[in-house]
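# Coordinate inspection notes
If you want the building blocks of each chain, they are given just below.
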Amino acid sequence: MPSAKFSRRRPIGAELIEGGVDFRVWAPDHRKVAVVIDNSDFPLQREPDGHFRGFVPNALAGTRYRFRLDEE
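In this report, we go over the structure that sits alongside the text. Sequence positions are assigned chain by chain, starting from 1 and proceeding in written order. Local features in this predicted model are restricted to residues whose pLDDT is 70 or higher, and side-chain atom pairs enter the listing and the counts only when it is 80 or higher, whereas totals over whole chains, interfaces and linings include all residues. No hydrogens and no water enter the side-chain calculation; it runs on all heavy atoms of the structure.

Once that is clear, we can look at the sheet that holds strand β4 (residues 40-43). Judged by pairing direction, the sheet is antiparallel, and its 3 strands sit side by side in the order β4-β3-β7 without closing on themselves. Lying at the two open borders of the sheet, with one neighbouring strand each, are β4 and β7 (66-69). When the angles between neighbouring strand axes are averaged without regard to direction, this sheet yields 35 degrees. Both strand β3 (residues 33-37) and β7 contribute to a ladder of 4 bridges, which runs antiparallel. Looking at the pairing, Val 36 lines up with Arg 66 of β7. Two strands pair under a simple rule: DSSP has to find at least two bridges between them. Every helix listed is a DSSP run of H or I at least four residues long, and every strand listed is a run of E at least two residues long, numbered separately from the N terminus. For helices, the fitted line uses only the C-alpha atoms of the stretch in contact; every axis is such a line through C-alpha atoms, and the angle between N-to-C directions lies from 0 to 180 degrees.

As a further point, take the nonpolar core. The nonpolar side chains of soluble globular proteins are, as a tendency, buried together. In plain words, nonpolar cores are sets of buried Ala, Val, Leu, Ile, Met, Phe, Trp, Tyr and Cys residues tied together by side-chain atoms within 4.5 Å. Between buried and exposed lies partly exposed: a residue is buried under 20% and exposed over 50% of the maximum accessible area for its type, with that area taken using a 1.4 Å probe on protein chains only. By size, the foremost hydrophobic cluster in this structure holds 11 residues: Val 21, Phe 23, Val 25, Ala 27, Val 33, Val 35, Ile 37, Leu 44, Phe 52, Val 56 and Ala 59. If near-sequence neighbours (up to four positions away) are discounted, Val 33 is found in contact with Val 25, Ala 27, Pro 43, Leu 44, Phe 52, Phe 67, Arg 68 and Leu 69. Whether two residues touch is decided by their heavy atoms; if any such pair falls within 4.5 Å, the residues are in contact.

Take Tyr 65: it is sitting in the loop between β6 (51-57) and β7. Linking Tyr 65 and Val 35, residues 30 residues apart in sequence, is a C-alpha distance of 6.6 Å.

Within the secondary structure, Arg 46 sits in strand β5 (residues 45-46). Among the residues examined, Arg 46 registers a relative accessible area of 42% and is labelled partly exposed. Sequence separation between Arg 46 and Lys 32 is 14 residues; the distance between their C-alpha atoms is 7.5 Å. Apart from the residues lying within four places of it in its own chain, the contact partners of Arg 46 are Ala 27, Pro 28, His 30, His 51 and Phe 52. Counted as a polar contact is a pair of N or O atoms within 3.5 Å, where, for protein atoms, one must be capable of donating a hydrogen and the other of accepting one, and residues adjacent in sequence contribute only when both atoms are in side chains. Within polar-contact distance, the side chain of Arg 46 engages the backbone oxygen of Pro 28 at 3.3 Å. At a separation of 3.0 Å, a polar atom in the side chain of Arg 46 contacts the main-chain carbonyl oxygen of His 30.

So, about the pairing of β3. The buried fraction of β3 is high, at 5 of 5 residues. Here β3 shows no split at all, with Val 33, Val 35 and Ile 37 on one side and Ala 34 and Val 36 on the other all buried. Looking at chain direction, β3 and β4 are connected through 4 bridges and run antiparallel. Each residue of the ladder has a partner; that of Val 36, found in β4, is Asp 41. Linking β3 back to β4 in an antiparallel pair, the connection comprises 2 residues, with Asp 38 at a positive phi of about 50 degrees.

Structural measurements only, silent on function.
Quick look at the structure:
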């Protein structure tokens, strides 16, 4: 995960940073959210305000991804 000093430019979305991509999405009605890349799940951590956030190492600009909600 990026250092605590990393500050996002936007509140949600995918942000390319050194070493990978920082993902953040607002999904307050869901228990679990994961980023799926090449059939591999990368779980995001729930934040108190309903956002989910996580870092996917080695993801690059142009990498295709999707979100999996509640393991569906």
